[in-house]
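# Chain and residue survey
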Amino acid sequence: QKEVEQDPGPLSVPEGAIVSLNCTYSNSAFQYFMWYRQYSRKGPELLMYTYSSGNKEDGRFTAQVDKSSKYISLFIRDSQPSDSATYLCAMSANAGGTSYGKLTFGQGTILTVHP
Amino acid sequence: DAGVIQSPRHEVTEMGQEVTLRCKPISGHDYLFWYRQTMMRGLELLIYFNNNVPIDDSGMPEDRFSAKMPNASFSTLKIQPSEPRDSAVYFCASSFDLSLYEQYFGPGTRLTVT
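This one's a predicted model, so the numbers in the text were calculated from it and none came from an experiment.

Okay, the overall build of chain B next. When helices and strands are tallied, chain B shows 0 helices and 11 strands. Listing every helix and strand of chain B by position from the N terminus yields β-β-β-β-β-β-β-β-β-β-β. Since a compact globule built from 114 residues should have a radius of gyration of about 13 Å, the 13 Å found for chain B is in line with a globular shape. Projected onto its principal axes, the C-alpha positions of chain B cover 40 × 25 × 25 Å. The buried share of chain B, reckoned over its 114 residues, is 50%. A separation of at least 24 residues holds for 54% of the contacts in chain B among residues at least 6 apart in sequence. For chain B, the accessible area works out to roughly 5,500 Å², and carbon and sulfur atoms hold 50% of it. Positive and negative side-chain charges of chain B, numbering 10 and 14 respectively, have mean locations separated by a distance of 5 Å.

This is the structure we're talking about:
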C-alpha cells in the first residue's frame, strides 16, 4: 500500500463548478500537507500548504486537513478553464534526520474544466 | 532569478547508453531534489542533497543510477547503462531551508530510452 493515495481521475467539470480533490494517507507522522498544481509539460508548483489539522482559504481555493481520518481535501470554487491541470497532494513528516525536507506525493488528479 | 534550470529538455537514447541529466538550482537554496515522474508510479523522490551532501538516496532504483552535487550551483543525475523502463520525466527541484514544503521545480527532462 502506498503511503499516500490519490484518485488519478480524470475529472471533467463545467466552468463554474465546485471541484473537490482528495487524498488519504497512512503515515501518522505527516504534519505538513501541500497541494501542488502541474500544468501540462511543466514542473509542479506549490498551490497551498497547511500545518496539522484545519482549513486554509486562499481566494477560490480551500484546503482541509482531517488528521483523525488521515484525509485531506482541496476545494476549488467557481472553477475556470485555466484551472485545468494535474493536482498533486504532498506530505511531509518534517521529523528530522532523513525525513527532514522529504515530500511524499500522491499520484495526482487530472482536472479539466470545460467552458 | 531564472528558476531551476534543467538540461537537456528532451533526451532520446538507445538502451545501454549512458545518460547524464543536469540541474542548476535557484541561487541560495540549500536543498536539491531529483524526482522521476511516470504515469504508472507518479512523482517519486530519487535522492536529495543538503548543502551539496546526499541525505537520502533510498529512492534511487538501482546501482545504474548515480547523482552528484559537486558545488552549490550544479548537480547531475547519471544512468549507466540506460534501459527502456527508465523512460520518464526527470525533475530537479530546490528549496530554502526554512520553507522546505515549498519546492521549486525545474521544467523537467523527458527521457526516452529505445
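Structure's up, so let's keep going.
The next subject is the environment of tyrosine 49 of chain A. Inspection of the secondary structure puts tyrosine 49 of chain A in strand β5 (residues 45-51). If near-sequence neighbours (up to four positions away) are discounted, tyrosine 49 of chain A is found in contact with Phe33, Met34 and Lys56 of chain A together with Tyr101 of chain B.

So, on to the packing of aromatic side chains. The geometry of an aromatic ring pair is captured by the separation of the ring centres together with the interplanar angle, meaning the angle of the planes. Residues and elements named next belong to chain A. A complete count under the given rule lists 13 aromatic pairs over all chains for this structure. On the basis of an interplanar angle of 50 degrees and a centroid distance of 4.9 Å, the ring pair of tyrosine 32 and tyrosine 51 is categorised as tilted. Taken together, the residues span a long stretch of sequence, with tyrosine 32 in strand β4 (residues 32-38) and tyrosine 51 in strand β5 at a distance of 19 residues. Here tyrosine 32 falls in the partly exposed class, since its relative accessible area comes to 22%. For tyrosine 51, a relative accessible area of 47% gives the class partly exposed.

What follows covers the environment of serine 28 of chain A. Residue and element names in this part refer to chain A. Within the secondary structure layout, serine 28 lies in the loop between β3 (19-25) and β4. Owing to a relative accessible area of 55%, serine 28 belongs among the exposed residues under this scheme. Along the sequence, serine 28 and valine 65 sit 37 residues apart, while their C-alpha atoms lie 13 Å from each other.

Quick look at the state of the cysteines now. Taken as a whole and judged by the stated rule, the model has 2 disulfides over all chains. Disulfide partner of cysteine 23 of chain A: cysteine 89 of chain A, at an S-S distance of 2.0 Å. One quick way to see it: the torsion about the S-S bond of cysteine 23 of chain A and cysteine 89 of chain A is about -100 degrees, and its sign makes the bridge left-handed. Highlighted residues: cysteine 23 of chain A in strand β3 and cysteine 89 of chain A in strand β9 (residues 85-92), separated in sequence by 66 residues. Cysteine 89 of chain A matches cysteine 23 of chain A in its accessibility class, with the two residues each being buried. The disulfide partner of cysteine 23 of chain B is cysteine 92 of chain B, and the S-S distance across this bridge is 1.9 Å. As the torsion about the S-S bond is roughly -65 degrees, the cysteine 23 of chain B-cysteine 92 of chain B disulfide counts as left-handed. Linking cysteine 23 of chain B in strand β3 (residues 19-24) with cysteine 92 of chain B in strand β9 (residues 88-95), this pair joins segments that are 69 residues apart in sequence. Looking at cysteine 92 of chain B, the relative accessible area reads 0%, which means it is buried.

What follows deals with the sheet that holds β3 of chain A. Residue and element names in this part refer to chain A. With respect to topology, 5 strands assemble into an open sheet ordered β1-β3-β8-β7-β6, the strand pairing being antiparallel. Of all the strands in the sheet, just β1 (4-6) and β6 (54-58) have a single pairing partner and so form its edges. In this sheet, neighbouring strand axes are inclined to one another by 15 degrees on average, regardless of whether the strands run parallel or antiparallel. In terms of strand pairing, strand β7 (residues 61-66) meets strand β8 (residues 71-76) through 6 bridges, oriented antiparallel. Looking across to β8, one finds that aspartate 66 is bridged to tyrosine 71.

Reading the values: rules and limits
Residues numbered from 1 in each chain as written. Chains lettered and ligands numbered in written order. Predicted model: local features only at pLDDT ≥ 70, side-chain atom pairs only at ≥ 80, totals over all residues. Heavy atoms only, no water. Helix = DSSP H or I, 4+ residues; strand = E, 2+ residues; numbered from the N terminus. Rg over C-alpha atoms; globule rule 2.2 N^0.38 Å. Buried < 20%, exposed > 50% of the residue type's maximum accessible area, 1.4 Å probe, protein only. Contact = heavy atoms within 4.5 Å. Areas by Shrake-Rupley, 256 points an atom, 1.4 Å probe, with all protein chains shown as cover. Lys, Arg positive; Asp, Glu negative; His and termini not counted. Charge placed at Lys NZ, Arg CZ, Asp CG, Glu CD. Phe/Tyr/Trp six-rings, centres within 6.5 Å; stacked < 30°, edge-to-face > 60°. Disulfide = S-S within 2.5 Å. Pairing = 2+ DSSP bridges. Axes fitted to C-alpha atoms, helices over the stretch in contact; angles between N-to-C directions.

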